[in-house]
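Geometric and topological summary
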Protein chains: 2
Amino acid sequence: MPTLYHHPMSTASRFIRLVLSEYGYQPDLAEEQPWEKRRDFLALNPAATLPVFVDDNMRALCGPMVIAEFVDETNGVLKRDRRLLAEDPFQRAEIRRLTEWFLQKMEGDVTRPLVRERIFKLQMTASQGGGAPDSKMLRTSRANIRQHMKYLSWLAGSRTYLAGDRLSYADLAGAAAISVLDYMGEIDWNESPTAKEWYQRIKSRPSFRPLLAERVRGLTPVSHYADLDF
Amino acid sequence: MPTLYHHPMSTASRFIRLVLSEYGYQPDLAEEQPWEKRRDFLALNPAATLPVFVDDNMRALCGPMVIAEFVDETNGVLKRDRRLLAEDPFQRAEIRRLTEWFLQKMEGDVTRPLVRERIFKLQMTASQGGGAPDSKMLRTSRANIRQHMKYLSWLAGSRTYLAGDRLSYADLAGAAAISVLDYMGEIDWNESPTAKEWYQRIKSRPSFRPLLAERVRGLTPVSHYADLDF
């Protein structure tokens, strides 16, 4: 059985879980605490990034884009209009740009620091960098949320799905990031009605259900987190 | 004429210049100081990352992986055994993993902080974050070089090219990163003879020549920088 090494509060892991579920894969899930830098995990992926997909022949695919491109190459064409990457190269470029936007830019500006300060540090030992959240880091990351929600609202308002007419990797990456922030109660939905309407649509997909049922130690999600009609 | 927005000391820009040159593209080059966050540049690429490729119809491709995938989709198959991505999906995954290794992991651990401290800060105003290099940052990044050179040597020693038998995106991304560090004199070649042999081969390619002739304000390269036989 293939295995996906993941963490419930990693945007990239959630993104790939959604992609695999949309394409009908059901890998075993192995939770990895990336800050532990386990020797066996580093042997699979020296970059120590999540997620890592290991197939039945013990071949590892490391990181969200490598897995997403592989899945498209081996499954995409057969999916026809349910394909999560487009056929046209410019349309593919736009999907990739936005997917990277959520997995790299928004991750660096907002999601990674907030998850680290509010969740990972609770579970890390002092020598791993654990402890109380850094209030300056929280302030900076929260100040960046507004800009990101504005851009997301603009995309959601001007297109049916974020990268165009069809559901794509961009929507799954965006919704993965938003779901992590929403778990922590970091999003003021009253300010972003257009983004909310889009997120409701993505969140209602069957592929999303397992993510909404998960809980992490030390932090209960906000009350509307798992509501499809929030 | 297509235009490539780039910076001479950006690994990702160098990588794409090599890719385009290997495939026979000769775009106009426009140097961009990414820290200036020019309005017109942000309109092309809201993530403000380099490089950005703008085609004759003013369509923008943003960031190294988006451009590299586009170039492969529109040119790769025709190049046959000069293709810079493989045909086999697992081999493609390995090329992408290593390309991301140099463009993200090594960039974050080593290249970006060293370029920022030693070159960009000389050209930035105080309000942009310019000034003297942060010695702690220099020390940390330099300590990381050794690990990265060990991994590079291992790859170069166990395979003909970094990702396998053929020149690929992985070699061009790796050599782009190494060339930036070598310009600054950050690499002790005596310690890494296997990596040196590999770098000599890549550096000798005609696509590399324009990079070796370039100079940036404020820092002269080390004496062996442009030597093919160093």
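Residues numbered from 1 in each chain as written. Chains lettered and ligands numbered in written order. Predicted model: local features only at pLDDT ≥ 70, side-chain atom pairs only at ≥ 80, totals over all residues. Heavy atoms only, no water.

Under the fitted operation, chain B is carried onto chain A by 0.0 Å of movement along the axis and a turn of 180 degrees, and the coordinates agree to an RMSD of 0.0 Å. Each copy turns onto its partner about a two-fold axis. The fraction of interface residues of chain B whose copies in chain A are also interface residues reaches 100%, indicating that both copies meet through the same surface. (Least-squares fit on C-alpha atoms with pLDDT ≥ 70 in both. Contact = heavy atoms within 4.5 Å.)

Another aspect to go through is the interface of chain B and chain A. Each partner contributes residues to the interface: chain B has 23 residues there, and chain A has 23 residues. For the chain B and chain A pair, buried surface summed over both sides reaches about 2200 Å², with 69% attributable to carbon and sulfur atoms. Of all residues in chain B, Val66, Glu73 and Phe90 of chain B give up the largest surface area on contact with chain A, accounting jointly for 26% of the area buried on that side. With its nearest N and O atoms 2.6 Å apart, the salt bridge here joins Arg92 of chain B to Glu73 of chain A. At the junction of chain B and chain A, the tally comes to four residue pairs in polar contact (both at pLDDT 80 or more). Mapped onto the side of chain B that touches chain A, the elements with two or more residues apiece are strand S4 (60-62), helix H3 (64-75) and helix H4 (89-123) of chain B. In terms of residue count, the dominant contributor to the side of chain B that touches chain A is H4 of chain B (ten residues). A per-class count over the side of chain B that touches chain A returns twelve nonpolar, two polar and nine charged. (Buried area = accessible area lost by both parts, 1.4 Å probe. Salt bridge = Lys/Arg side-chain N within 4 Å of Asp/Glu carboxyl O. Polar contact = N/O pair within 3.5 Å; in protein donor to acceptor, adjacent residues only side chain to side chain. Helix = DSSP H or I, 4+ residues; strand = E, 2+ residues; numbered from the N terminus. Nonpolar A, V, L, I, M, F, W, Y, C, P; charged D, E, K, R; others polar.)

The next point concerns the UniProt feature "domain: GST N-terminal" (unreviewed entry) in chain A. The sites that UniProt annotates as "domain: GST N-terminal" (unreviewed entry) are residues 1-79 of chain A. Across residues 1-79 of chain A, the secondary structure splits into 38% helix and 18% strand, with the terminal C-alpha atoms separated by 23 Å. (UniProt positions renumbered as here; feature names shortened; annotations may be inferred.)

What follows concerns the domain arrangement of chain A. Residues and elements named next belong to chain A. Taken domain by domain, chain A comprises domain 1 (3-80) and domain 2 (89-213). One C-alpha centre belongs to domain 1, the other to domain 2; they are set 19 Å apart. Taken together, the 23 residues of domain 1 in the interface contact 27 residues of domain 2. It is Met9, Leu18 and Trp35 that lose the most area in domain 1 upon contact with domain 2, and together they represent 32% of the buried surface on that side. One salt bridge connects Arg205 with Glu22, and the closest N-O pair in it is separated by 2.7 Å. Between domain 1 and domain 2 we count six residue pairs in polar contact (both at pLDDT 80 or more) in total. If you list the elements that add at least two residues to the side of domain 1 that touches domain 2, you get helix H1 (11-22) and helix H3 (64-75). Considering each element in turn, the side of domain 1 that touches domain 2 owes the most residues, nine residues, to H1. By residue class, the composition of the side of domain 1 that touches domain 2 is twelve nonpolar, four polar and seven charged. (Domains from an automatic or database assignment.)

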